[in-house]
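Next come the chains, spelled out residue by residue.
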Amino acid sequence: MENIQAVAFFDLDGTLLNDKSQITPEITSAIRALKANQILPLIATGRTVVEIEHIMKDSGIDSAIVMNGQFIQVEGKKVYSDEFSYEECLKMYEQVKSLGHEISFYNDQQIWCSGHSDILRNAYAFIHSDVPDIDRSNLAEKTVNMMLVLSEDGDEHYLKQFPEMTFYRNGPYSIDTVRKGVSKGSGVQNLFKTLELPKVPTFAFGDGINDLALFEACDHKIAMGNARSELKERSSFITKKNTDGGIVHALKHFDLI
């Protein structure tokens, strides 16, 4: 780690992945070149490790800030984990069910849900992921890093009922739920703190609202051509679309490859 010259953080959907949620050969080559230049690449995502194992394998990236900052692994090893208590999970479960919604629970090894619904199926189809199994066993015996509310509404209700939590609506069918103050940005801070990394330039690549905190935590903020306007307004560079070689274009612009 002492030879690292920079750190690059990549969002997945709309950023590192193509329109089919896949890694292209061009991305794999670019990551290989980054590593050769002593630049540490990390995935920064709302998903968890088991959801992105194939992406990590295809891209050659084995370090990640997942579940919006609740869990960090570097070179395949856990270095940070923020976990919800049983009481927090139970309270959220009861509120979700009272509104007729479903909930999924996440740790780095497993995803399980309270029940299947059309909205839940749509949420996982939206990111080209498998529908998780239903598991109603005792939450007290499980580790939970993130919760996902499956709904098309109720955002204001959850904000009011759970001021101690942060909610990221990541699409039309679901809301990422993490502890207050936790974000991709806090993940960057915890990465440097936990590993005692040297102060090196940091580069953030993203396209969505939950990438705003990542931008705030990094020196160079690269918005994809397909990014939300809020992100482009805060960017230091706007690259091409994710489907038009945007990642490689930006890496070359900053002389990282």
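Values in this document were obtained by computation on a predicted structure and should not be read as measured data.

Draft legend 1. How the structure looks around the packing of aromatic side chains. For the structure on display, the rule yields seven aromatic pairs. A connected cluster of aromatic rings, assembled from ring pairs, spans Tyr 158, Phe 162 and Phe 167. Here the guanidinium or amino end of Lys 142 rests over the ring plane of Trp 112, the centre of that ring lying 4.9 Å away.

Draft legend 2. A look at the packing of helix H2 (residues 25–36) against helix H10 (residues 246–253). Relative orientation of the contacting elements H2 and H10 amounts to 25°, with a least axis distance of 9 Å. By the criterion of interaxial angle, the relationship of H2 to H10 is roughly parallel. Helix-helix and strand crossings are classified by hand; for H2 and H10 the assignment is left-handed. Together, Glu 26, Ile 27, Ala 30 and Leu 34 of H2 and Ile 247, Val 248 and Leu 251 of H10 make up the contact between the two elements.

Draft legend 3. A look at the sheet that holds strand S10 (residues 165–171). Reading across the sheet, the six strands line up as S8-S7-S6-S9-S11-S10 and stay open at both edges, with mixed pairing between neighbours. Here the strands that pair on one side only, and so sit at the sheet edges, are strand S8 (133–134) and S10. For S10 and strand S11 (residues 174–179), the ladder comprises six bridges, and the chain directions are antiparallel. The partner of Phe 167 across the bridge, within S11, is Thr 177. Packed on one face of the sheet, helix H5 (residues 118–126) meets strand S6 (102–106), strand S7 (111–113), strand S9 (146–150), S10 and S11 and runs near 120° to S9.

Draft legend 4. View of the pairing of strand S4 (residues 71–74). Burial along S4 is two-sided: Phe 71 and Gln 73 and Ile 72 and Val 74, pointing in opposite directions, are all buried. Sheet analysis places S4 next to strand S5 (residues 77–81), joined by four bridges and oriented antiparallel. Bridge pairing links Val 74 to Lys 77 in S5. Here S4 folds back onto S5 in antiparallel fashion, the turn holding two residues, of which Glu 75 has a positive phi close to 50°.

Draft legend 5. Representation of unusual backbone geometry in the model. The backbone of Gln 38 sits at a positive phi, close to 60°, despite the residue not being glycine. The residue Gln 38 is located in the loop between H2 and strand S2 (39–44) in this model. In this model, His 128 sits at a positive phi of 55°, which is unusual for a non-glycine residue. The residue His 128 is located in the loop between H5 and S8 in this model.

Draft legend 6. Seen up close, the sheet that holds strand S1 (residues 6–10). Here we have eight strands laid out as an open sheet, ordered S5-S4-S3-S2-S1-S12-S13-S14, and mixed in their pairing. Only two strands of the sheet have a single neighbouring strand rather than two, namely S5 and strand S14 (237–238). Sheet analysis places strand S12 (residues 202–206) next to strand S13 (residues 220–223), joined by four bridges and oriented parallel. Within S13, the position partnered with Phe 205 by the bridge is Ile 222. Strands in contact with helix H3 (residues 49–59) are S2, strand S3 (64–66) and S4; relative to S3, the strand with the most contacts, it is inclined by about 150°.

Definitions and limits used
- Residues numbered from 1 in each chain as written.
- Predicted model: local features only at pLDDT ≥ 70, side-chain atom pairs only at ≥ 80, totals over all residues.
- Heavy atoms only, no water.
- Phe/Tyr/Trp six-rings, centres within 6.5 Å; stacked < 30°, edge-to-face > 60°.
- Lys NZ or Arg CZ within 6 Å of the ring centre and 35° of its normal.
- Axes fitted to C-alpha atoms, helices over the stretch in contact; angles between N-to-C directions.
- Helix = DSSP H or I, 4+ residues; strand = E, 2+ residues; numbered from the N terminus.
- Parallel < 35°, antiparallel > 145°, perpendicular 65-115°, else oblique.
- Left-handed = near helix turned anticlockwise from the far one by under 90°.
- Contact = heavy atoms within 4.5 Å.
- Pairing = 2+ DSSP bridges.
- Buried < 20%, exposed > 50% of the residue type's maximum accessible area, 1.4 Å probe, protein only.

By themselves, these figures tell us nothing about what the structure is for.
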